[in-house]
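Architecture at a glance
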Amino acid sequence: MTAARPAGGDAGAADGFVVPGRGRGLLDVFERRYLLKLLVRKELRVRYQGSFLGLLWSYVKPAVQFAVFYFALGVFLQQRDVVQNYAVYLFSGIVVINFFSETFGNATRAVVANAPLVKKIYLPRELFPVSSAWVAGVHFVPQLVVLLAGTLVAGWRPTPVQLLAGVLGFVTVALLAVGLGLFFGSINVLFRDFENIVDLMLLVVTWTSPVLYTWNLVQAQLPEWLWFVYQLNPVTSAVELFHHAFWFGSTDGDPALVPPDLLWFALSAFGLAVLVLVAGQLTFRRLEGRFAQEL
Amino acid sequence: MSTPAGTSAGTRTTIRVEGVSKQFHLRHDRSLKQLAISAFRGKDLGNTFSALDGVDLTVAEGEAVALLGLNGSGKSTLLKLISGVMSPDTGRVLVRGRIAGLIEVGAGFHPDLTGRENVYLNGAILGMDEATIGRRFDQIVAFSEIERFIDTEVKFYSSGMFLRLAFAVAVHTDPEIFLIDEILAVGDAPFQQKCLGRIRELRAEGRTLVIVSHDLNMVEGLCDRGVVLERGRVVADEDITSAVDRLR
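The subject of this paragraph is the sheet that holds strand E1 (residues 13-25) of chain B. Residue and element names in this part refer to chain B. With antiparallel pairing, the three strands of this open sheet are ordered in space as E2-E1-E4. Since the sheet does not close on itself, it has two edges, and those belong to strand E2 (48-60) and strand E4 (90-95), each with one partner. Across the sheet, the axes of successive neighbouring strands diverge by a mean angle of 20°, strand direction being ignored. Both E1 and E2 contribute to a ladder of nine bridges, which runs antiparallel. In the strand pairing of E2, isoleucine 15 is matched with valine 59. Relative to the sheet, helix H2 (residues 75-83) contacts E1, E2 and E4, its axis offset from that of E1 by approximately 120°.

We now examine the environment of glutamate 220 of chain B. In this fold, glutamate 220 of chain B is placed in helix H7 (residues 216-222). Once the C-alpha coordinates of glutamate 220 of chain B and proline 88 of chain B are considered, the two residues, 132 residues apart in sequence, prove to be 29 Å apart.

What follows concerns helix H6 (residues 189-204) of chain B. Residue and element names in this part refer to chain B. With 16 residues, H6 extends 22 Å between its outermost C-alpha atoms, agreeing within 8% with the 22 Å of an ideal straight helix rising 1.5 Å per residue. Looking only at H6, the buried set comprises Lys194, Cys195, Ile199 and Leu202. Along the long axis of H6, the arc covered by the buried residues comes to 140°, so they all point the same way. Away from the buried face of H6 by more than 90 degrees, exposed residues Ala189, Pro190, Gln193, Gly197, Glu201 and Ala204 are located. Here the buried face of H6 lies against helix H5 (159-170), strand E6 (177-181), strand E7 (208-212) and H7.

Definitions and limits used
Numbering of residues starts from 1 in each chain and follows the order in which that chain's sequence is written. Chains carry letters from A onward and ligands carry numbers from 1 onward, assigned in written order. Residues qualify for local features only when their pLDDT is at least 70, as the model is predicted, and side-chain atom pairs are given and counted only at 80 or more; totals for whole chains, interfaces and linings, by contrast, use all residues. In short, DSSP must find at least two bridges between two strands for them to pair. Only DSSP runs of H or I with at least four residues qualify as helices, and only runs of E with at least two residues qualify as strands; both kinds are numbered from the N terminus onward. Interaxial angles span 0 to 180 degrees and are taken between N-to-C directions of axes, which are lines fitted to C-alpha atoms, for helices over the stretch in contact. Contact between two residues is assigned when their C-beta atoms, built from the backbone, lie within 7 Å. By definition here, a helix of n residues has an expected span of 1.5 Å times n minus one. Note on burial: count the other C-beta atoms lying within 10 Å of the residue's C-beta; 20 or more is buried, 12 or fewer is exposed, in between is partly exposed, and C-beta positions come from the backbone. The arc in question is traced by the directions running from the helix axis to the C-beta atoms.

Dropping the structure here:
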């Protein structure tokens, strides 16, 4: 039947043959970073197309969010009398949660949102969740600038170790959110329920970490083992690392303000984030072959 | 490559499709609820439809192969498997060299971006790097003949202009293997002639072409080998004239 088949037989991949559609996952994304750059730029262009404020909207949203929380919790519930520089404390946690939520939420929807491309052209599909993370990163920068300005006014004098804590916190959250995004994003192609499950998780995440309140309130209320579980949450560690980086340096420096064993929980959070990323990538690769027919 | 005895250097294989089958689930609106119900009752979800059934195909470098058949015979599915967009249920597909799957022109175009931005984005999607696109940019725009509108957002383009630009990008990529699905019905007659001319040029450069089309006259002029599919099976693999005659 196949007239042109050579008589040689099964030489396989050794001859330079590759199986199409089987890439190297996130490594391919790194290789095609020019495309990644264009996808990120497209996303930013399209999102603010025809809007008067443009990228300024990425300031407005966290500003409103901050104001609401500050008045409700800081003023009415009087947290600002208990927590030093409560505004800085609050905002340094909010920026972490915003970056996490935007990356995780958009990465979960990324493959489905790019269905026309996924169905017609083979690309390393990890590009889409990763570009969600970059877009969220672009939105993170102005928030960080505002945070730095605020904390400097509040008397922030950071040490190099504290700044490193901030970097570790950011990297942890980025890896975790991309990993979760790969995991839920690939399952979401098969079962659209997962978009809603992720929305639920994002609704809860602000409250399951010490963003609006301080950790010692949690420790006082929870049994020992549950307090341990609470601290194991990588987002909690990242938030505390950000507090350490951008808020602690503006306080009177009382060591009791830092949660116990922050270093160890931070390292375990980083390890967990790496594990989640690996698990997310493996799941994504396992399901990737079915994307084009399920979308 | 170690060439098997009896084959000349000109017949180096670039695409190998070996015993490939592909099935589709006919029901697409699956949710967790339905899954739970079917797991509970131990029932399969909906019917399956066999798009390809034990297909073998070997394409040599520089060949131009037409995949022919009626609607639903599995031509486009086969093309998608070769491009890597889908993967086979059983059997395997192997390719050598870079592939451009022109399954649908303009798949990566975004209406809110300008023509220029779309050329870069689409070029990158099709595997070109920044320098290559930059070098070919003028050529691409000249081919599309829409110089005046290149900095206009694509959503304001007529459908003809859109297809011209999309096609221009696609045929200026640099893969060894071109997979073309019914995209030659682009624009007016002069532009179609230009597209066909460009495809012939690509052929003359020794690139491998796999073309799906219902335009029998066109493929007869373009290809030298025809593979006829019928309900997911290869029923004929012969020279293009006899293959086309089967469908007439």
